[in-house]
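Single-letter residue listing:
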Amino acid sequence: MGSNLDQCSDVVVVEQGSVRVDLLGGTLDLDPISLIVPQVVTVNLATSLMVRVKIQKSELSSAADDVVNSVIFRSRDYCQDAKLVAEDFTSKDVLFHQREWGVLNFPLQILLEFPYESLRGLSIEVDSDIPTGSGLGGSSAMGVTLYRALAKVTGRRVSPLQVINTVKGVESRILRAGPAGYQDYYPAIYGGILALLPRPGEIKLEQLFTPSLQHFLQSHLTLIYCGKSRYSGTNNWEIYKAFFDGNDQIREKLEAIARTSYSGLQAIRASKYDQLLSCIAEEGEIRKSLAPAIVIDEVADFYGVLRSRSKGILGMKVCGAGGGGCFLLLHYEGMRDEILQQLQLPEFSFMRQLDFSILPPLP
């Protein structure tokens, strides 16, 4: 099917969106935990690590009518293609699609939110700058970016909130393990450094970006991919169940994360960035105790070696639900080269830095 895509021309839409790094308050972005725990805030930032969607029209001969009368989808990250026909858009059997489409199920379910006739004859290609299972919310960023691209090509007028709610609903259906957290969708649409404050019926958005905060975070954070993918939502689901099963320890730890995260927000508002760094480190320590698999052995070993060899390391925090993917190192300015030297050790050669800058707010 790759040869068909290679014959496509006439780019119709190119859309890109940022993946996030979460700083504070992850897992608390699960409804309705977000409304039950006091003073919940989730803080994240939009990175220069992007997901991309390119939509083209097919220009094929009449011998390829089966392609012209279908929708071609390619994921470069998974090296997989799919072809959707009219019957796929009329089928109500979601479980059938989950069995047939595998890792492409989520983006293909987003395509089904649009009429077949509006997409017929198009080829859609997606790719990203991050490894699959990195814990950076890449699937959610891809979801909203894909939806916005499809809305543009079909002439559908949608608000950011409509995009987020629709894609979040589709992703929750795909996960089939409780609600999807809401934080991952916002950076791809808004950019900058965001505080997300839940209220009944809405998420209040506070843009925290300033050049000084941007510089501070870029010089004090290093993002490392640990070489192992994580399975989205697995740890969050176990925590979610424990919360509603009345597990007092889980509730106390989530409340502690909320208090620390809110203190971090106050530190940003007061431009006390060293206090912010301490809050991120504290949040990371509390998060480790939520589930055994949050910090895998390889990450713990690397962090232990790093701490033993340098006094400039201030803390570590896993990204997303943990159990693989990426983690943040918090450190003094000027420490990055020393950290990267440790990544050259044979026992940690499977890890690598994901270099990024923080994007300003999007217009």
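Scope of this entry: the structure provided in the associated data block. The structure displayed is predicted, hence computed values, not measured ones. (Residues numbered from 1 in each chain as written. Predicted model: local features only at pLDDT ≥ 70, side-chain atom pairs only at ≥ 80, totals over all residues. Heavy atoms only, no water.)

**What to know about the nonpolar core**
Then step 1. Core analysis: the largest hydrophobic core is formed by 96 residues, its most contacted members being Leu23, Leu111, Ile124, Leu136, Leu217 and Leu223.
Then step 2. For this core, the leading source of residues is helix 13 (residues 248–269), giving nine residues.
Then step 3. Residues within four places of Ile124 in sequence aside, it is in contact with Val53, Lys54, Ile55, Val71, Ile72, Phe73, Arg74, Leu111, Leu146 and Leu150.
Then step 4. Val295, Ile313, Leu343 and Phe348 belong to the second largest nonpolar core, which has 20 residues in total. (Core = buried A, V, L, I, M, F, W, Y, C linked by side-chain atoms within 4.5 Å. Buried < 20%, exposed > 50% of the residue type's maximum accessible area, 1.4 Å probe, protein only. Helix = DSSP H or I, 4+ residues; strand = E, 2+ residues; numbered from the N terminus. Contact = heavy atoms within 4.5 Å.)

**Observations concerning the packing of helix 11 (residues 211–220) against helix 14 (residues 273–288)**
Then step 1. Here helix 11 crosses helix 14 at 45 degrees, and the two axes come no closer than 11 Å. If you check the angle between helix 11 and helix 14, you find them oblique. Where helix 11 crosses over helix 14, the two elements pack in a sense that is right-handed. In contact with Ser212, Leu213, Phe216, Leu217 and His220 of helix 11, helix 14 contributes Tyr273, Asp274, Leu276 and Leu277.
Then step 2. Residue classes in the contact of helix 11 with helix 14 are distributed as six nonpolar, two polar and one charged. (Axes fitted to C-alpha atoms, helices over the stretch in contact; angles between N-to-C directions. Parallel < 35°, antiparallel > 145°, perpendicular 65-115°, else oblique. Left-handed = near helix turned anticlockwise from the far one by under 90°. Nonpolar A, V, L, I, M, F, W, Y, C, P; charged D, E, K, R; others polar.)

**Quick word on helix 9 (residues 160–175)**
Then step 1. With 16 residues, helix 9 should reach 22 Å at 1.5 Å per residue; the first-to-last C-alpha distance of 22 Å fits that figure.
Then step 2. Along helix 9, the positions that sit buried rather than exposed are Val163, Ile164, Val167, Lys168, Val170, Glu171 and Ser172.
Then step 3. Looking at the buried positions of helix 9, the neighbouring elements they touch are helix 6 (105–111), helix 8 (138–154) and helix 10 (186–190).
Then step 4. Within two residues after helix 9, Arg176 carries a phi angle of roughly 50 degrees, on the positive side. (Expected span 1.5 Å × (residues − 1).)

**Brief notes about the sheet that holds strand 8 (residues 221–225)**
Then step 1. Strand order in the open sheet formed by four strands is 9-10-8-11, and the pairing between neighbours is antiparallel. A strand with exactly one partner marks an edge of an open sheet, and here the two such strands are strand 9 (313–318) and strand 11 (352–353).
Then step 2. Pairing geometry for strand 9 and strand 10 (residues 326–331), over five bridges, is antiparallel. Bridge assignment links Ile313 to a residue of strand 10, and that residue is His331.
Then step 3. Where helix 11 meets the sheet, its contacts fall on strand 8 and strand 10, and the angle it forms with strand 8 comes to roughly 50 degrees. (Pairing = 2+ DSSP bridges.)

**Remarks on the layout of surface pockets**
Then step 1. As a volume, the second largest pocket reaches approximately 190 Å³.
Then step 2. Asp31, Asn165, Gly201, Glu202 and Ile203 are, among the 13 residues lining the second largest pocket, the residues nearest its centre.
Then step 3. Elements represented by at least two residues in the lining of the second largest pocket include exactly helix 2 (33–36), helix 9 and strand 7 (202–207).
Then step 4. Top element by residues in the lining of the second largest pocket is helix 9. It accounts for four residues.
Then step 5. Grouping the constituent residues of the lining of the second largest pocket by class yields six nonpolar, three polar and four charged. (1 Å grid on protein atoms, 1.4 Å probe; cavity = no way out; pocket = protein on both sides within 12 Å on 5 of 7 lines; lining within 4 Å. Points joined across faces, edges and corners; volume = space filled by probe spheres on them.)

Worth remembering: the numbers are spatial, not functional.
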